[in-house]
Each structure stands twice: as C-alpha cells, then as structure tokens.
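What the coordinates show
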Amino acid sequence: MERQVDVAVVGAGTAGLAALSQVRRAGRSFVLINAGELGTTCARVGCMPSKAVIQIADDLDRRNYLTRIGIEGAHAPNTNGQAALERVRELRDIFVDRVLAGTTDEMGEEFIEGHAEFLEPGVLRVNDQTIRARSIVIATGSRPVVPPSWESIRDRIITTDE
C-alpha cells in the first residue's frame, strides 16, 4: 500500500506531538508514526512522575513543621514505599492519558504503529506501507545513557526508564 501526505511525523513524544499540532493547525495531511510506548517521556517516566515522588517526600517532611501551626502528633508518620509508588504509577497513567487525549486516540489511519525506514528522500516504509511525504519530521527522542566510567556504581543509579 502506498500513501501520499504533506507531512510524516516520526515519533509521538513531546516534539512529535508539538509538530503534529502545527501540522493540523496548518490543515496539512499527515501521518504520525511511532514504534515505542505512547506518551511523552515527561509524562511517562520523566518530570511528571518525578514531581509526584518529590511531592510525597515534601509531604512527609512537612511533619517537622506542623507543630508550628498547631497540628500535634504528626512526628511519627510512616511511609509505605509500595503504596507511594503505586500512587505515582496511578498519576503517571493519568498524565499519559491526558497527553494522548485528542491526539493518537482519535486518529484512525493517520496513526501508524511501527518503525519508519527511509527508502529515499521523502519516502518511508513502515510495516507494509510506503509513505510519500513532502516533509518528514524526525522526533524520535532519546534514551538514557549510563557512562561506562559509572558502571562501578550502577546499582545506585536510576535512569528515567527505570
């Protein structure tokens, strides 16, 4: 199968979805191609879930100041790490759902799951489809890297994907 579009956006992360928004606003025909998990890095494993973890830590730390405002008996709260991480995962799922709402959920044939491969300038192959595009936006993101010189402390390093 062969398709012709104005723009092919490869990658449905933050940059790809921002590009897609501009393409839609301009009224251009498009396809969005994505091979990995949906949801931006920020929503799925980055700043949003990490801020939820920081909020839990801040809430726990506030116990040290509650007596100043007249709240007593707060010095002995206990943290259930498993329950706290479950809450962070729930919030993460909400963040991802909100990021994807109105984008990939409603696309139909404009969204293609798979790896894009350049056949020639302006021509991509994804699964069994050939996509001819006037413009191609490559927004495939990145992956965390632990430098080889840090391998001796790898057990103490947590990347965004972990």
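Just above sits the structure.
Residues numbered from 1 in each chain as written. Predicted model: local features only at pLDDT ≥ 70, side-chain atom pairs only at ≥ 80, totals over all residues. Heavy atoms only, no water.

1. Here's the deal with the layout of surface pockets
- Here the largest pocket defines a volume of roughly 830 Å³.
- Around the largest pocket, the lining is made up of 32 residues, and of these N34, G36, T140, G141 and S142 lie nearest the centre.
- Sorting the residues of the lining of the largest pocket by element identifies α1 (14-25), β2 (30-34), α2 (41-44) and β4 (116-120) as the ones contributing at least two each.
- Per-class residue counts for the lining of the largest pocket are 13 nonpolar, 15 polar and four charged. (1 Å grid on protein atoms, 1.4 Å probe; cavity = no way out; pocket = protein on both sides within 12 Å on 5 of 7 lines; lining within 4 Å. Points joined across faces, edges and corners; volume = space filled by probe spheres on them. Helix = DSSP H or I, 4+ residues; strand = E, 2+ residues; numbered from the N terminus. Nonpolar A, V, L, I, M, F, W, Y, C, P; charged D, E, K, R; others polar.)

2. Things to note about the pairing of strand β6 (residues 129-138)
- Of the pairings in the sheet, the one linking strand β1 (residues 2-10) to β6 comprises eight bridges and is parallel in character. Bridging from a neighbouring strand, V5 pairs with A133 of β6.
- Judged from the four bridges that link them, strand β5 (residues 123-126) and β6 form a sheet pairing that is antiparallel. Bridge pairing links V126 to Q129 in β6. (Pairing = 2+ DSSP bridges.)

3. Observations concerning the pattern of salt bridges
- In total, this model carries five salt bridges according to the counting rule given.
- Of the charged contacts, one joins R132 and E2 as a salt bridge, the two residues approaching to 2.7 Å between their closest N and O atoms. Separated by 130 residues along the polypeptide, R132 in strand β6 and E2 in strand β1 bring together distant segments of the chain.
- A salt bridge links R89 to E86, with the shortest nitrogen-to-oxygen separation between them at 3.8 Å. (Salt bridge = Lys/Arg side-chain N within 4 Å of Asp/Glu carboxyl O.)

4. Comments concerning the environment of P144
- As for its placement among the helices and strands, P144 is situated in the segment after β6.
- Setting aside residues up to four positions removed in sequence, P144 forms contacts with T159, T160 and D161. (Contact = heavy atoms within 4.5 Å.)

These results come straight from atomic positions and should not be treated as a statement about function.
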